Amino acid sequence: MEYGLVVRWLAVLFALGLAGAPLAALLFRRFPDHGAALALPLSLAVVGCVAYWVGHLSLVAGLVAGIAVLVALSGLSLRRLDRDDIDARRALAPVVVFALAFLFMIAIRAVDPAVHPGGGEKFLDFGLLKSLSRTTRLPPEDVWFAGEPVQYYYGGHLLTTLLAKLTFTEARYAYNLALAGFFAMVVTAAYGLAGAIAAERGRSPRTAGVIAAFLVGFASNLETAGRAVLWALPDGVTESVAAWLGIEITGLAASPAAFGYWDASRVIPGTVNEFPLFAWLNGDLHAHMLSTPFLLLAAACWFAYYCAPADAVLRRRLLAFGAVPPIAGLLAVVNTWSFPTVAGIGWLAMTFADADPVSLFPERIAARLRSSAGSSLRGEVRRTASALAAAAVVLALGVAWSIPFWLGSASGRAVAFLPERSALGPLLLVYGAFLLVFVPYLAVHARSLGTRTREAVLAALAGLVAIAWLADAAAVVVFGPLLLVGWLVLVTRRNAGSSGARSAFVDSSRRHPAESDGGVATRDSLVGATVGYETVLLVAGAGLVLLVEFVYIQENAGPGRFNTVFKTYAQIWVLFATAAGAMAAWLVDARPAGVADAMAGRWRIAGRALLALVVLSTSIYGGLALTDQFTSESPVTSVDDPTLDARAFVPATHPDEAAAIAWLDDRSGQPHIVSLPGCWCNDDPRKPYRWVNAPSSLTGLPTVAGWSHETGYRGDEAYRERVADVETIYEGRPVDQAQLLREYDVRYVYVGPNERAAYERIAVADLRGVEVARQFEDVTIYRVDQNGLPA
C-alpha cells in the first residue's frame, strides 16, 4: 500500500483548501464555517479555470498561473475580511469530514484499484488521464482517434492531471487517489452547504450537515431494501409486490447470498439510476462524478446570493455575474450535462430571493420593468421572467469562460421528446427515501398558504393526476405536487417576509450557538419559521426529474434517454441529499404551531423515528456492498497487498501482454500506434467493454481507431472508415498500407492475441520500413520508419 502517496495527497489537498479559505470566507461569510467546507473545490475551480485557458499554450505554465491567481485572490480577500471572519476552529469539522471521507474511499479503492474494461468507462477515463499526463498543451489528443483532439468533456481529468503534477504522482496511482479526493470533496461540500442552509433557517447545522454527508457518501436508493423486504415476505405476496415495483425476484430478493452491487443502479428500465456510493464503488473516474463538488459550489454561490440583502446590489451582481459564470464554464468542460443546471438553480434562487432580480440590470432597464408591474400575478410573472433573463446572462458568460471547449472539444447532439416514461414503482424505489423527508416537510409548511390558495392547489393536483393518467407519466403524480407546493410556499415566504406576516410553523428548541452570530437568523425569527433555500434545491431537483420524463438528448451512448437519465440523476441525487439534510434538522426538533408542550415531545419522536427509518433503509446496500468489496476475490482484485496502482491487475489477468504494454508506456511523447479497434462486433453490445485497445487505453498512446464510443463523438461513418483503414494496415496491399501508415503518422504496430484472432495474415510485417521493435512471448511490436516506407 502506498501510504506515502496518501499522506502527500492529503497534505496537498489541505494546502489547496487553506490557500482558498480567505476567498471562500469572503464569498460565504454568513455560513457557520465561513465556507471552509467549500474552500477546496473553490481553489480547484480557480486553478482549473486559469490552467484551462493558459494550458492551450503550456499546461505546466497553466498550473503555475492557476496557483498564482489563487494566491493573489486569497490575498485580496484577506484585506476585505474582518478578524471575526478568520477563525481556524470553524474549519475543524469540515477538515475532519474531508479526512474521514478521503480515507474511507482510499480503503475501498485499495482493494479494487483496477481500471479493467468491464462494467464501466475505466478504459476511457484512464486513457484520457494518460493522454493529459503526456501532453504539453491543451486540448489533449484522442487516444482512440489518433491525430485528432479529444471530443469529450475532459475537465475533471485535467484537474486530476494538475493534482498529479502537484504531487509528483504517476497516473496509475493518481487515478484512485483522485477518486478519493473528489469523493471527499462532494461529501464535505454537502456537509457544509446543508449546514449553512439549516443555520440560516435557525436550525442545527451539524445535524443537517451529517445527514447530508451520509445521504451523499453512503446512502443508496430503496432497491436493496425493497429486495430485502421481498425476500422476507411469504411467496404469494412476494410475487404480487415485485410485479408492482417492477422488480424481478432475483439477487437479494431470492437470497441474501445472491446480492449484487450492480442491481441498485438499474431500477428504472432502459435507464441508469446511479447514486454516489455505487459510482465510486464501481470506480470510474467519470465526468458525472467529478462534477458534483463544483455543482454544489455553484449552488452555494446561489445560496449566498439568496441570503444577500436587497440593498446589497453590488454583492449580488458580483455573485451572479462574477463568481458563478467561471464555475459554470469549468463545469461545461468537466461535465457538460451540469452546465445548464447551474443556470436553472440560479433562476430559482433569483426568483425566490427577497431581493428583486430586476435590480441586477442597469437602472434604465430596471426602472422600465418596475413600472410595468401591475397586479400581484403580473408582478410575479415579471419577477420570474427577469430572473430567467438574468440566468440566461449567466449561461452566456459561462459559455464565454469555456469558449475553447465549445469551438473544439464539444460534440453536437439533437434534442428529442416524449421518451418511454418511468413507472411508479421504480420511481418510488429510486427516490422514496427522499420523499419520506420532503412530503411531511412540505405538507406542514403548506399551512402557510391561504385558504383559497390551498383550494387551488388541490384542484391543480387533481389536474396533475388526470394529466399523468392520460400521458402515462407517474413522475407527474409524484413530483408535480412537490414542485407546485414547493414553488408556492417559497413565494409565500418571500411575500410574507416583505409584509411582516409569520408562518404557521414554529420551532421548539433553543437557539444553537453556531447560529447566533455572523448575521444568521435565530430560531424565533421570521426566517427561522419558514421554508428556505432547501426548498429551492428540492424544486430544482423535482424539475429535473420531470424534465427527463419528456425531453432527452439523442446520442449513441445508449438507446433512448439512457444517457440523459444517467447524467441527470447524478445531479439530482446531490441536490436532493443536500436539501434533505437541511430538512432533517427541522424534522428532529420542530413542531407545528399550536401544538401543546405535552405533544411536542411526541412530534419530535415521530420525526426522529422517520429519519431513523430513512437512514436504516438506505444503509442496507452499503453494508452488503462493502462486505463484498472487502471479502470477495477475483482475478482483477487478486493482488498480494492493498494497492492504489490502477494497472496492478494487468500481469495477473493478461500476463501475455503486460510486458508489451509496459514497454509502450515507457515511450516518450505520444507516438501513434495501430491496434485492433474496439468496435461493436457480431452485434454484441458488450464487446467494447472487454480487453480491446488496452495498448492505447493503458498508455495514452493514440491508436488509429479505438473503442466504438467514437461513433458518438464523431459519427458512425468517420469511425467505420478508420476501422476499415486499420484492417488495410494489417492485411491490405503494400501500397495502401504505406499510404495509411504515412497518413496517420504511425510509429508502432501492435500485434497481440486480439490482432492475430481478428486478422488472417498480418501482412504489414513484410512491408519495407517496418521492423520488429520488441518481441515478447505473445506480442510483437513493430517500429515504423516513416522515411523507409515504399513510395
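Right, let's walk through the structure included here.

Basis of the calculations
- The residue count restarts for each chain, going from 1 along the sequence in the order it is written.
- Selection of residues for local features in this predicted model requires a pLDDT of at least 70, selection of side-chain atom pairs for listing and counting requires 80 or more, and totals for whole chains, interfaces and linings are taken over all residues.
- In computing side-chain properties, one takes all heavy atoms of the structure into account and sets aside hydrogens as well as water.
- Note on ring pairs: Phe, Tyr and Trp rings are taken, using the six-membered ring of Trp, and paired if centres are within 6.5 Å. Classes follow the plane angle, with under 30 degrees stacked, over 60 edge-to-face and the rest tilted.
- Helix and strand assignments follow DSSP, with helices taken as H or I runs no shorter than four residues and strands as E runs no shorter than two, numbered in order from the N terminus.
- A 1.4 Å probe rolled over the protein chains alone gives each residue an accessible area, and that area as a share of the maximum for its type sets the label: buried under 20%, exposed over 50%, partly exposed in between.
- Here, axes are lines fitted to C-alpha atoms. For helices the fit covers the stretch in contact, and angles between N-to-C directions go from 0 to 180 degrees.
- Each angle is binned into one of four classes, with values under 35 degrees roughly parallel, values over 145 roughly antiparallel, values of 65 to 115 roughly perpendicular, and all other values oblique.
- Residue contacts are counted whenever heavy atoms from the two residues lie within 4.5 Å of one another.
- Residue polarity follows a fixed list, in which Ala, Val, Leu, Ile, Met, Phe, Trp, Tyr, Cys and Pro are nonpolar, Asp, Glu, Lys and Arg are charged, and the others, Gly among them, are polar.
- Note: two strands are recorded as paired if DSSP finds a minimum of 2 bridges between them.
- Throughout, a disulfide means two cysteine sulfur atoms within 2.5 Å of one another.
- Salt-bridge detection follows one rule: a side-chain nitrogen of Lys or Arg within 4 Å of a carboxyl oxygen of Asp or Glu.
- Multiplying 1.5 Å by the helix residue count minus one yields the expected span of that helix.
- Definition used in this section: a nonpolar core is a set of buried Ala, Val, Leu, Ile, Met, Phe, Trp, Tyr and Cys residues joined via side-chain atoms within 4.5 Å.

A word on the packing of aromatic side chains
Part 1 of the argument: By the definition in use, this model includes 42 aromatic pairs.
Part 2 of the argument: An angle of 15° between the planes, with centres 6.2 Å apart, marks the rings of F98 and F102 as stacked. Highlighted residues: F98 and F102, both in helix α4 (residues 92–110), separated by four residues, approximately one helical turn. Judged on exposure class, the residue F98 and its partner F102 are both buried.

Points about the packing of helix α2 (residues 39–54) against helix α6 (residues 155–167)
Part 1 of the argument: At a minimum axis separation of 10 Å, α2 and α6 run at an interaxial angle of 100°. It follows from the interaxial angle that α2 and α6 lie roughly perpendicular. Across from L44, V47, G48, A51 and Y52 in α2, the residues of α6 making contact are L158, L159, L162 and L163.
Part 2 of the argument: Tallied by class, residues from the contact of α2 with α6 come to eight nonpolar, one polar and no charged.

Thoughts on unusual backbone geometry
Part 1 of the argument: In this model, L138 is joined to P139 through a cis peptide bond whose omega is -5°.
Part 2 of the argument: One non-glycine residue, H34, adopts positive backbone phi at about 55°.
Part 3 of the argument: For H34, the position within the fold is in the loop between α1 (3–27) and α2.
Part 4 of the argument: Even without being a glycine, D745 presents a positive backbone phi close to 50°.

Describing the sheet that holds strand β7 (residues 770–775)
Part 1 of the argument: Read across the open sheet, the four strands follow the order β5-β6-β8-β7; overall the sheet is mixed. Edge positions in the sheet fall to β5 (672–674) and β7, since each of these pairs with one other strand and no more. Taken pair by pair, the neighbouring strands of this sheet meet at an average axis angle of 30°, ignoring direction.
Part 2 of the argument: Bridge count between strand β6 (residues 746–751) and strand β8 (residues 780–784): four bridges; the pairing is antiparallel. For V749, the partnering residue across the bridge sits in β8 and is Y782.
Part 3 of the argument: Set on the sheet, helix α27 (residues 655–665) makes contact with β6, β7 and β8; between it and β6 the angle comes to about 170°.

Notes on the state of the cysteines
Part 1 of the argument: This structure, assessed with the given rule, holds zero disulfides.
Part 2 of the argument: With no disulfide of its own, C49 lies closest to C301 among cysteine sulfurs, the gap being 11 Å.
Part 3 of the argument: For C49, a relative accessible area of 11% corresponds to the buried category.
Part 4 of the argument: Residue C301 is classed as buried on the basis of its relative accessible area, which comes to 1%.

A closer look at the pattern of salt bridges
Part 1 of the argument: Summed over the entire model, instances satisfying the criterion amount to 18 salt bridges.
Part 2 of the argument: A salt bridge links D716 to R720, with the shortest nitrogen-to-oxygen separation between them at 3.6 Å. Taken together, the residues span about one helical turn, with D716 and R720 both in helix α30 (residues 716–731) at a distance of four residues.
Part 3 of the argument: You can call R720 partly exposed: its relative accessible area is 34%.
Part 4 of the argument: A single network of salt bridges, built from pairs that share partners, joins K130, R134, R647 and D665.

Observations concerning the pairing of β8
For a regular strand, side-chain orientation follows a simple rule: the groups alternate between the two sheet faces.
Part 1 of the argument: Burial of β8 is extensive: four of the five residues sit out of reach of the surface.
Part 2 of the argument: Here five bridges tie β7 to β8, and the two strands are oriented antiparallel to one another. Residue pairing in the sheet places V772 in a bridge with Y782 of β8.

A short note on α6
Part 1 of the argument: Taking 1.5 Å per residue as the helical rise, α6 with its 13 residues ought to reach 18 Å, and the 18 Å between its terminal C-alpha atoms agrees with that figure.
Part 2 of the argument: In terms of burial, α6 is largely enclosed, as eleven of its 13 residues are buried.
Part 3 of the argument: Of the residues making up α6, those classed as buried are G155, G156, H157, L158, L159, T160, T161, L162, L163, A164 and T167.
Part 4 of the argument: F168 occupies a position one or two residues after α6 and carries a positive phi of about 55°.

Remarks on the nonpolar core
Part 1 of the argument: Within the largest apolar cluster, 230 residues are counted, with the highest numbers of intra-cluster contacts made by F102, W302, F479 and Y533.
Part 2 of the argument: With 22 residues, helix α7 (residues 171–200) is the largest single contributor of residues to this core.
Part 3 of the argument: Ignoring any residue separated from it by four or fewer positions in sequence, one finds F479 in contact with L427, Y431, L435, A542, V545, L546 and F576.
Part 4 of the argument: Judged by nonpolar contacts, the second largest core, of 25 residues, contains L676, Y730, L740 and L789.

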